[in-house]
Amino acid sequence: MEDLGAFAFWALKIWLYLVISLIMIPAMFGFSLGISETYMTILVKTLEWATLKIQKGYADEHLEASASNGLIQREDGSMEKELEELRRSRPKPPVGGDFTLSDCFYFTRRGIESIVEDEVTQRFTSEELVSWNLLTRSHKDFEYISLKLTLVYGLGIFVRYCILAPLRITLACIGLTWLVIGTSAVGLLPNWRMKFWLSELVHVMCYRICARGLSATIHYHNRENKPKKGGICVANHTSPIDVVILCNDGCYAMVGQVHGGLMGVLQRAMVRSCPHVWFERAEMKDRHLVTKRLQDHVNDKTKLPILIFPEGTCVNNTSVMMFKKGSFEIGATIYPVAIKYDPKFGDAFWNSSKYSMVSYLLRMMTSWALVCNVWYLPVMHQQEGEDAVQFANRVKSAIAHQGGLVDLQWDGGLKRAKVKESFKEEQQKQYSSMVVGEDSSNSD
Amino acid sequence: MGALQSLPGKPEYVDLAEKTGFSFEQIGILHNRFKQLSRNEETLLRDHFNGIPDLACNPIRLQIIEAFFDRRNFRQNGEGTVEEIGFKEFLVVMSHFKPPSLHMTQEQRESIRRDKLRFLFNMHDADNDGTITLEEYRHVVEELLSFSEALEKDTAKSIADAAMLEVASISMGHMEPDEFYEGITFEHFLKLLNGFEIESKMNVHFLNMDTTTLCK
């Protein structure tokens, strides 16, 4: 028994040394030994092979690789046009007030169409893949296609759960511990220039380790547009991992609510070495206070650019939802960033109503990898005569366009809340003005 | 039918396909949608429909949602309402909006037409007495029009009355001064909408789905 214990201990030591030397040290200093690249190449080849196999398995169907853009075909006409059409077959002209029972049909059909498919509810569940990526979680019914495929799938499970997951968890723990220790240590130094440089170094190192801990492959585009000090960096939000992705390439000041527990420890540690903006829960309700604090931070040109996710909630990376105007009212320079994950290698979306943070992180660590593209967009300022909402929409469109995402006007808050009463009235108002006539509804 | 090669291994769909006329792919899509709306529960409640933002903006959302819980639409000659529905009922109600297939006889088209019109009639005939009374008609108009300052309740009432008068004159021809028009019966309803191509206007068209989009 003792031999077994000693052996296990020795194996653990070897494991740790290997991890540290082969993965952690290169990660910290930003160079790579090529292990991850090899893994990714093998992975990509395997997935391509699997896709071909699956397609052959359904060989008697006429196949296309592109996903359809929608389930149902909708009429493109506006309300007026459609109601005109419906009324064309009326037997007699109206007596007074232009209303007929057939007008309901338009609304009924629209209603049924939204029940079958609507733009918003689908954004709060994971994206559907074009072809299975050999993960159990993304395949609803496992149908037997061929022996080889099943073997590869089984091997994949073993590799992901027994080899990759422990490795990644180790790295994540090391990374976070390093963050806490490193930032606290730097925080003890007096305010020399050295301190800022060291603090940045510590932060970036830790995030690099964490990124390795998720087998993240990140491609940064247009790095000349990287956010600079005294500005606000704005990005679309898919999961908490977005922070790790962005901070791998630069240092940002975070904004957020003060949490308890592990997050609280991290927050307090980070603040020691460089200023971040953490709000108490009560303070977040006071919009003026929030704006003032952000403004103070931005105006101090020595402080790092603030990182904000204006959607306010996690969305599934197929679309960009409404940007809250708060960050756009400050009047600072905005650096938009678009983040797009490749769903083939793992689903990065955090469905917070379905998974807690811990189970989400475990799912991340048992995916194949995390591949994403980050585009730094050219800087944007609020223009003359443009209000905060218009500015926010302009930035949102730019991000959506770059990332290949759908630009939606709906509020991400609809994930949890119902539609505001004022929106419900819109269609009724439009219809009323049609029925009653333009004259009497001009005062609307 | 004959679409068995599309989704192997779904015996329960065969039964549904026969009953509703949807193809296997369409049933698969709707099943996913059902699960999405019901948040993976077995039954759908009225509250689940309230979570669809597009539907929340629709003026007659209440009638549309009620139609799903109305036993008259379940094709089993039932009456009254239920509190929750399963996927089968959901699919049966949806089948009222299925486009007619191209190879259909005149008789089949006629029966589909009646079917769709019956669905729409039921939506407005809330108390199931077989007629859409003036009250029920007024209710529809009020739902559709908004109560902004420009439009008062009286205006809505007068619009409804005028429309009802028109309906009466079409269905009954000339009326005696003291005759009372009770309401629109289903036969009147059919007559009223004789010119409409309901079969083509009240449909939800599914795009062409390939199998690859379903094997996730």
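Q: How do you make sense of the sheet that holds strand β8 (residues 333–341) of chain A when you look at a structure like this?
A: The pairing of strands in a sheet happens through backbone hydrogen bonds and is either parallel or antiparallel. Residues and elements named next belong to chain A. A sheet is described by the order of its strands in space; here seven strands give the open sequence β2-β9-β8-β3-β6-β4-β5, paired in mixed fashion. Taken across any chain shown, the strands that pair with only one partner, and hence form the sheet edges, are β2 (216–221) and β5 (277–279). With direction set aside, neighbouring strand axes in the sheet form an average angle of 25 degrees. Pairing between β2 and strand β9 (residues 370–376): six bridges, direction parallel. Counted as the bridge partner of I218 is C372 from β9. Its contacts with the sheet put helix α12 (residues 388–403) on β3 (231–235), β8 and β9, and the angle it makes with β8 is roughly 35 degrees.

Q: Honestly, the packing of helix α5 (residues 147–187) of chain A against helix α11 (residues 357–365) of chain A in this entry has me stumped. Any pointers?
A: Two packed helices can be described by the angle between their axes and the distance between those axes. Residue and element names in this part refer to chain A. Across the interface, α5 lies against α11 with an axial gap of 9 Å and an inter-helix angle of 125 degrees. With respect to each other, α5 and α11 are oriented oblique. Seen from α5, the contacting residues are A165, R168, I169 and A172; seen from α11, they are L362, M364 and M365. Among the residues forming the contact of α5 with α11, the class breakdown is six nonpolar, no polar and one charged.

Q: Would you mind showing me how to read the state of the cysteines here?
A: In a disulfide, the sulfur atoms of two cysteines are covalently bonded to one another. Under the defined criterion, the tally for this structure stands at zero disulfides over all chains. Its sulfur unpaired, A:C372 is 13 Å from the next cysteine sulfur, which belongs to A:C247.

Q: Teacher, can you tell me more about the pattern of salt bridges here?
A: Between side chains of opposite charge, a pair can form as their charged atoms come close. Scanning the entire structure with this criterion turns up 13 salt bridges over all chains. Note that A:D249 is salt-bridged to A:R223, the shortest N-O span being 2.3 Å. With A:D249 in the loop between α7 (241–247) and β4 (253–257) and A:R223 in the loop between β2 and β3, this pair connects stretches of sequence that are 26 residues apart. Residue classification places A:D249 among the buried positions, given a relative accessible area of 8%. One connected set of salt bridges, linked through shared partners, spans B:R46, B:E66 and B:E83.

Q: What should I look at first to understand the nonpolar core in this one?
A: A:I115, B:F49, B:F68, B:F90, B:Y137 and B:F189 are the most contacted members of the largest nonpolar core, which has 64 residues in total. By residue number, the principal contributor to this core is helix α4 (residues 103–116) of chain A, which donates seven residues. By size, the runner-up hydrophobic cluster in this structure holds 38 residues, among which are A:Y207, A:V244, A:M270 and A:F309.

Q: Looking at this structure, how should I read the packing of aromatic side chains?
A: What the rule picks out here adds up to 13 aromatic pairs over all chains. Between A:Y220 and A:Y376, the ring centres sit 6.1 Å apart and the planes meet at 10 degrees, which makes this aromatic pair stacked. With a gap of 156 residues between them, A:Y220 in strand β2 and A:Y376 in strand β9 connect regions that are remote in the sequence. Its guanidinium or amino end placed over the ring of A:W368, A:R160 lies 5.3 Å from that ring's centre, counting from NZ or CZ. The ring of B:F69 has B:R46 sitting right over it, with the charged end atom 4.5 Å from the ring centre.

Q: What is the right way to read the confidence of the model for chain B from this model?
A: Predicted coordinates in areas of low pLDDT are best not read in detail. All names here are of chain B. Looking at chain B, pLDDT values average 75 and 81% of them are 70 or higher. Confidence over residues 1–9 falls short of pLDDT 50; this stretch has 13 contacts with residues more than four positions distant or in other chains. This complex was scored by the predictor with a pTM of 0.74 and an ipTM of 0.81.

Q: In this structure, what is going on with unusual backbone geometry? I would like to understand it.
A: Most peptide bonds take the trans form, and the phi angle of most residues other than glycine is negative. Residues and elements named next belong to chain A. Although it is not a glycine, N222 sits at a positive phi angle of roughly 55 degrees. Relative to the helices and strands, N222 is located in the loop between β2 and β3. For N222, a relative accessible area of 33% gives the class partly exposed.

Q: Got a minute to help me understand helix α10 (residues 287–299) of chain A in this structure?
A: Helical periodicity: at 3.6 residues per turn, an α-helix aligns residues three or four positions apart in one direction. All names here are of chain A. Compared with an ideal rise of 1.5 Å per residue, which puts 13 residues at 18 Å, α10 spans 18 Å between its outermost C-alpha atoms and is within 8% of the ideal. Within α10, burial applies to V290, T291, L294, H297 and V298. The arc that holds the buried residues of α10, viewed along the axis, is 130 degrees, so those residues lie on one side. Exposed side of α10, more than 90 degrees from the buried face: H288 and N299 are the residues found there. Residues of α10 that are buried make contact with β3, β4, β5, α9 (281–285) and β6 (306–308). Of the residues flanking the start of α10, the one acting as N-cap is D286, its side-chain oxygen 3.2 Å from the backbone nitrogen of H288.

Q: I'm lost on a nonpolar patch on the surface in this one. Help?
A: Residue and element names in this part refer to chain A. On the surface, F7, W10, I14, L18, I20, L22, I25, F29, F31, L33 and I35 cluster together into a nonpolar patch covering about 1,000 Å² of accessible area. Here the element with the most residues in the nonpolar patch is helix α1 (residues 2–29); it accounts for eight residues. Locating L33 in the fold gives a position in the loop between α1 and α2 (35–57). A residue is classified by how much of its surface remains accessible, and L33, at 48% relative accessible area, is partly exposed.

Q: Help me understand the pairing of β4(A) in this model?
A: Side chains on a regular strand alternate between the two faces of the sheet. Residues and elements named next belong to chain A. For β4 and β6, the ladder comprises two bridges, and the chain directions are parallel. Residue pairing across strands places A253 opposite I306, the latter belonging to β6. Both β4 and β5 contribute to a ladder of three bridges, which runs parallel. The residue of β5 that forms the bridge with G256 is W278. Viewed along the sheet, the connection from β4 through helix α8 (residues 261–273) into β5 turns out right-handed.

Q: What exactly am I supposed to notice about the environment of A:Q382 here?
A: Residue and element names in this part refer to chain A. Structurally, Q382 is set in the loop between β9 and α12. Discounting residues that sit within four places of it in the chain, Q382 has contacts with F328, D387, A388 and F391. For Q382, the side chain forms a polar contact with the main-chain oxygen of E386, separated by 3.0 Å.

Q: Explanation requested: the packing of helix α6 (residues 193–213) of chain A against α8(A) in the structure shown.
A: All names here are of chain A. Two numbers describe how α6 lies on α8: the axes approach to 9 Å, and their chain directions differ by 145 degrees. Where α6 abuts α8, its residues K195, S199, H203 and Y207 lie against M270, R272 and S273. Residues of the contact of α6 with α8, tallied by class, amount to two nonpolar, three polar and two charged.

What counts, and at which threshold
- Residues numbered from 1 in each chain as written.
- Chains lettered and ligands numbered in written order.
- Predicted model: local features only at pLDDT ≥ 70, side-chain atom pairs only at ≥ 80, totals over all residues.
- Heavy atoms only, no water.
- Pairing = 2+ DSSP bridges.
- Helix = DSSP H or I, 4+ residues; strand = E, 2+ residues; numbered from the N terminus.
- Axes fitted to C-alpha atoms, helices over the stretch in contact; angles between N-to-C directions.
- Contact = heavy atoms within 4.5 Å.
- Parallel < 35°, antiparallel > 145°, perpendicular 65-115°, else oblique.
- Nonpolar A, V, L, I, M, F, W, Y, C, P; charged D, E, K, R; others polar.
- Disulfide = S-S within 2.5 Å.
- Salt bridge = Lys/Arg side-chain N within 4 Å of Asp/Glu carboxyl O.
- Buried < 20%, exposed > 50% of the residue type's maximum accessible area, 1.4 Å probe, protein only.
- Core = buried A, V, L, I, M, F, W, Y, C linked by side-chain atoms within 4.5 Å.
- Phe/Tyr/Trp six-rings, centres within 6.5 Å; stacked < 30°, edge-to-face > 60°.
- Lys NZ or Arg CZ within 6 Å of the ring centre and 35° of its normal.
- pLDDT = per-residue confidence, 0-100.
- Expected span 1.5 Å × (residues − 1).
- Arc of directions from axis to C-beta.
- Polar contact = N/O pair within 3.5 Å; in protein donor to acceptor, adjacent residues only side chain to side chain.
- Patch = residues over 30% accessible without salt bridge, like charges linked within 9 Å, V, L, I, M, F, W, Y side chains within 5 Å.
- Areas by Shrake-Rupley, 256 points an atom, 1.4 Å probe, with all protein chains shown as cover.
- Right-handed = clockwise from strand over helix to strand, strands pointing away.

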